[in-house]
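Chain by chain, the residues run as shown.
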2 protein chains.
Amino acid sequence: MTQVKNKTVKLKHVAEAAGVSLSTASRALSGKAVAYRISAHTEQLVLSAAAKLDFYPSQVARSFRTQKTKLLGVVLPDVSNLFFSSIAREVTTYAEENGYSVLLADSRESTEVEQKLIAQLRAREIEGLVISPVGLQKEHLEKLHATNLPVILVDRGFPSSPLITVTSDHRKAASQAMKILIAMGHRKIGVLQGIPGTLPNEERLIGIREELKRAGLPFDTSLIKGNQFSESSGYRSAKQLLNEHFDITALFALSNQIGLGALRVMTELRMKIPNEISIITFDDHPYSEFLAPAMTTVRQDVKTLGRMAAELIFKQIKTGRKPRKKVHQIPVKIVERASVFNLLTSEKE
Amino acid sequence: MTQVKNKTVKLKHVAEAAGVSLSTASRALSGKAVAYRISAHTEQLVLSAAAKLDFYPSQVARSFRTQKTKLLGVVLPDVSNLFFSSIAREVTTYAEENGYSVLLADSRESTEVEQKLIAQLRAREIEGLVISPVGLQKEHLEKLHATNLPVILVDRGFPSSPLITVTSDHRKAASQAMKILIAMGHRKIGVLQGIPGTLPNEERLIGIREELKRAGLPFDTSLIKGNQFSESSGYRSAKQLLNEHFDITALFALSNQIGLGALRVMTELRMKIPNEISIITFDDHPYSEFLAPAMTTVRQDVKTLGRMAAELIFKQIKTGRKPRKKVHQIPVKIVERASVFNLLTSEKE
DNA sequence: ACCCTTTGCACAATCGATTGTGCAAAGGGT
DNA sequence: ACCCTTTGCACAATCGATTGTGCAAAGGGT
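Conventions we followed
- Residues numbered from 1 in each chain as written.
- Chains lettered and ligands numbered in written order.
- Predicted model: local features only at pLDDT ≥ 70, side-chain atom pairs only at ≥ 80, totals over all residues.
- Heavy atoms only, no water.
- Helix = DSSP H or I, 4+ residues; strand = E, 2+ residues; numbered from the N terminus.
- Buried < 20%, exposed > 50% of the residue type's maximum accessible area, 1.4 Å probe, protein only.
- Contact = heavy atoms within 4.5 Å.
- Least-squares fit on C-alpha atoms with pLDDT ≥ 70 in both.
- Patch = residues over 30% accessible without salt bridge, like charges linked within 9 Å, V, L, I, M, F, W, Y side chains within 5 Å.
- Areas by Shrake-Rupley, 256 points an atom, 1.4 Å probe, with all protein chains shown as cover.
- Salt bridge = Lys/Arg side-chain N within 4 Å of Asp/Glu carboxyl O.
- Lys, Arg positive; Asp, Glu negative; His and termini not counted.
- Charge placed at Lys NZ, Arg CZ, Asp CG, Glu CD.
- Near = heavy atom within 4 Å.
- Polar contact = N/O pair within 3.5 Å; in protein donor to acceptor, adjacent residues only side chain to side chain.
- pLDDT = per-residue confidence, 0-100.
- Nonpolar A, V, L, I, M, F, W, Y, C, P; charged D, E, K, R; others polar.
- Pairing = 2+ DSSP bridges.
- Axes fitted to C-alpha atoms, helices over the stretch in contact; angles between N-to-C directions.

## What to know about the environment of Gly 306 of chain A
Residues and elements named next belong to chain A. In this fold, Gly 306 is placed in helix α12 (residues 302-319). A relative accessible area of 0% means that Gly 306 is categorised as buried. Each C-alpha atom of the pair Gly 306 and Tyr 235 lies 29 Å from the other, and the pair is 71 residues apart in sequence. Once residues lying within four places of it in the same chain are set aside, the contact partners of Gly 306 are Ile 87, Glu 90 and Val 91.

## Looking at the relation of the copies chain A and chain B
In screw terms, the move from chain A to chain B is a rotation of 180° and a rise of 0.0 Å along the axis, fitting with an RMSD of 0.0 Å. These values place the two chain copies in the arrangement generated by a two-fold rotation axis. A share of 100% of the interface residues of chain A reappears at the interface of chain B, consistent with the copies meeting face to face through the same patch.

## A closer look at a positive patch on the surface
A cluster of basic side chains, namely Lys 32, Arg 62, Lys 70 and Lys 318 of chain A, defines a positive patch on the protein surface. Structurally, Lys 318 of chain A is set in helix α12.

## Some remarks on the pattern of salt bridges
Enumeration over the complete set of coordinates arrives at 37 salt bridges over all chains. Glu 211 of chain A is the salt-bridge partner of Arg 214 of chain A, the closest N and O atoms lying 2.6 Å from each other. Linking Arg 214 of chain A with Glu 211 of chain A, this pair stays in helix α9 (residues 199-214), spanning 3 residues, or about one helical turn. Looking at Glu 211 of chain A, the relative accessible area reads 5%, which means it is buried. One salt bridge in this structure joins Lys 303 of chain B and Glu 90 of chain B, with 3.9 Å as the shortest N-O distance. Of the two residues, Lys 303 of chain B is situated in helix α12 (residues 302-319) and Glu 90 of chain B in helix α5 (residues 82-97); the sequence distance between them amounts to 213 residues. Look at Glu 90 of chain B and you get buried, because its relative accessible area is 14%.

## Quick word on the protein's contact with DNA strand D
For DNA strand D, the set of nearby residues contains 30 residues, the closest of which are Thr 42 of chain A together with Leu 11, Ser 26, Lys 32 and Arg 65 of chain B. A share of 48% is what sugar and phosphate atoms reach among the atoms of DNA strand D within 4 Å of the protein. Taking Ser 39 of chain A, its main chain carries an N or O atom lying 2.6 Å from a phosphate oxygen of DNA strand D. Note that a base oxygen of DNA strand D is positioned 2.9 Å from one of the side-chain N or O atoms of Arg 65 of chain A.

## A closer look at the confidence of the model for chain A
When pLDDT is low, close inspection of the predicted coordinates is not appropriate. On average, residues of chain A score 94 in pLDDT, and 97% of them are at 70 or above. The low-confidence segment residues 1-6 of chain A, where pLDDT is below 50, has 23 contacts with residues more than four positions distant or belonging to other chains.

## Brief notes about the interface of chain A and chain B
Contacts between the two partners involve 60 residues from chain A and, on the opposite side, 60 residues from chain B. Between chain A and chain B we count 6 salt bridges in total. Asp 78 of chain A is the salt-bridge partner of Arg 89 of chain B, the closest N and O atoms lying 3.1 Å from each other. The interface formed by chain A and chain B holds 24 residue pairs in polar contact (both at pLDDT 80 or more) in total. When residues of the side of chain A that touches chain B are traced back to their parent elements, those giving at least two are β1 (2-4), α4 (59-66), α5 (82-97), β4 (101-106), α6 (111-123) and α11 (256-269) of chain A. The leading source of residues in the side of chain A that touches chain B is α5 of chain A, at 8 residues. Tallied by class, residues from the side of chain A that touches chain B come to 28 nonpolar, 20 polar and 12 charged. By the bridge criterion, 3 bridges tie β4 of chain A to strand β4 (residues 101-106) of chain B in an arrangement that is antiparallel. Along β4 of chain B, the bridge assignment pairs Leu 104 of chain A with Val 102 of chain B.

## A closer look at the sheet that holds β4 of chain B
The 12 strands lie next to each other as β13(A)-β7(A)-β6(A)-β5(A)-β3(A)-β4(A)-β4(B)-β3(B)-β5(B)-β6(B)-β7(B)-β13(B), forming an open sheet whose pairing is mixed. Pairing within the sheet leaves two strands with one partner each, and these edge strands are β13 (327-330) of chain A together with β13 (327-330) of chain B. Within the sheet, the average angular offset between the axes of one strand and its neighbour, ignoring direction, is 20°. With 4 bridges connecting them, strand β3 (residues 71-76) of chain A and strand β5 (residues 128-131) of chain A associate as parallel partners. Across the sheet, Gly 73 of chain A pairs through a bridge with Leu 129 of chain A, a residue of β5 of chain A.

Have a look at this one:
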């Protein structure tokens, strides 16, 4: 359907121009000429008429008739965060390659708007949903899942849920980061957490606890602060932690935004990293290596996260079957740079 | 239309359950009870039947009938770049508030895929398009514009085109940045440009030239390198520039990604910023102030860019009239930090 | 009691494509 | 020459909502 100055060319016009019926025009245009024994000659008539009229079929009429929208929903808590926008990019690119379009929505870390957005997307009859949910409630998602709408969760999942999830190996990631800190002699490590109760946060805490235990160190919950994966939460909790525990030597920030908040505190307090305080932060970033000092980070394989989510959703859309494997864990990589001080080899301040 | 285990509840079922006709059910549900004199009692019957059946109307059927999709297309050259993802966020949020959904597409800086994506979006009958085009070709966009589809360009526009554009005041921005460099005593300034021929790039070059002229300095085109707004282009051109001009004291990077490439060159060459080389880069970033050293940047008001694009597109969709003003220029702000060396007050190396 | 207006809803067309089916004409075999 | 198969297309139903219009019943005025 091409709109030229309020006049829309429809299949009817193509059929008339080619001197054939609607059905013949439709079949010729959708490459079904052979299957329906349209002669090569009529096929050409239709194709050239369509080309001349600059016709393209209305997707909404087609969707309506075929009951397939070729629409994929993508819901993210913050599209402007590199972590999520990278996932969005992978998924949209993959979708486009498969002839699907992506409806993108931003839940702003609110379960309430998340639910509204999902309702909107369902009304639009998306064929699948890729979502990084806020992660505190799962009922609305499990209901969706039970409905047979293909749903893939990215990053934030739920323990022992039937929902299919693609996420990093948070536990191992956190434990490895802690291992580095401990190996460098750090004993009192503040944790700047994200949203308590969300899977990434809890898994990371488990990893942290495991590593502390392995080193024979106590798991002191007063060293864990924060309630959002945001810069402001990181800022507040870093400040509070440094206030309450004068002898903290290292901070572990559980997201890039939280890390940013911690950095702000350090500049305000004129605390030198790593000499006065060591930092490791979750999520690598192009800028990480150019920070003062270069930041040691936990790099999630965001490309693979996005790509696997895309692959899983399309497999499900095509086969109509849910994958057996519930949780797909992607390995992470610690990128060691210069933000961790070695308390053992260096002289202490 | 609610799907529960392959069974879809349609308006028909609601009407039957309420014991009314399709038309009455439709009108009761869309709040037209009063206008069509549906009694409060029947209205209630319909509403509770719909609630009980968990009915919601099929947007595709509705779109098909009303010829309104309530769909907005957004096309960006790189969704994962903070500059663009921030625009995406503003536009999607605004769209959602207005009952519209956003179809997001990523052109990967290719005019060819941009055209394909636009064709896809048109086939889906979007009611408006917000696009940051690649910026080298405009014919396909002007054709769209002539078609009466509301189109708003963001960031990259075209000189003397009927297309409505929201963009920063690139000329003034670049000129102010140059003014700072010149005031600090820099005379030989390398420019790491983006895609030549695109409006932001050309406007920035004009601003640069104007400021040089004002200062009585020559505009040396051999000091301008680069062909993409990407990190790799920034890397290559910074390297080349430093090779060919041993006496360059400052670099002006025309995008955040380009700046990243320049930073990489400096670490490889172990050149100290700002002592050995000064840098100003376009586009501010949360990390900019924590870089080594804190980066002086040109901060585009990306929220306003996105918001104004959203406002303009919806005004156009609602009124059906194109705004008279073609180019909406948003002021920028220079954020002075520590990446520019003052050659005049400090001793020279 | 009669007529006119208002109330309260139902009928049926419609949006633009896709697709199962049917039928005439052409072709082919004996 | 007759019959059967194949070729090549057209007819008409259909997807699920919205909306202009019409009509019976109720109400109201004199």
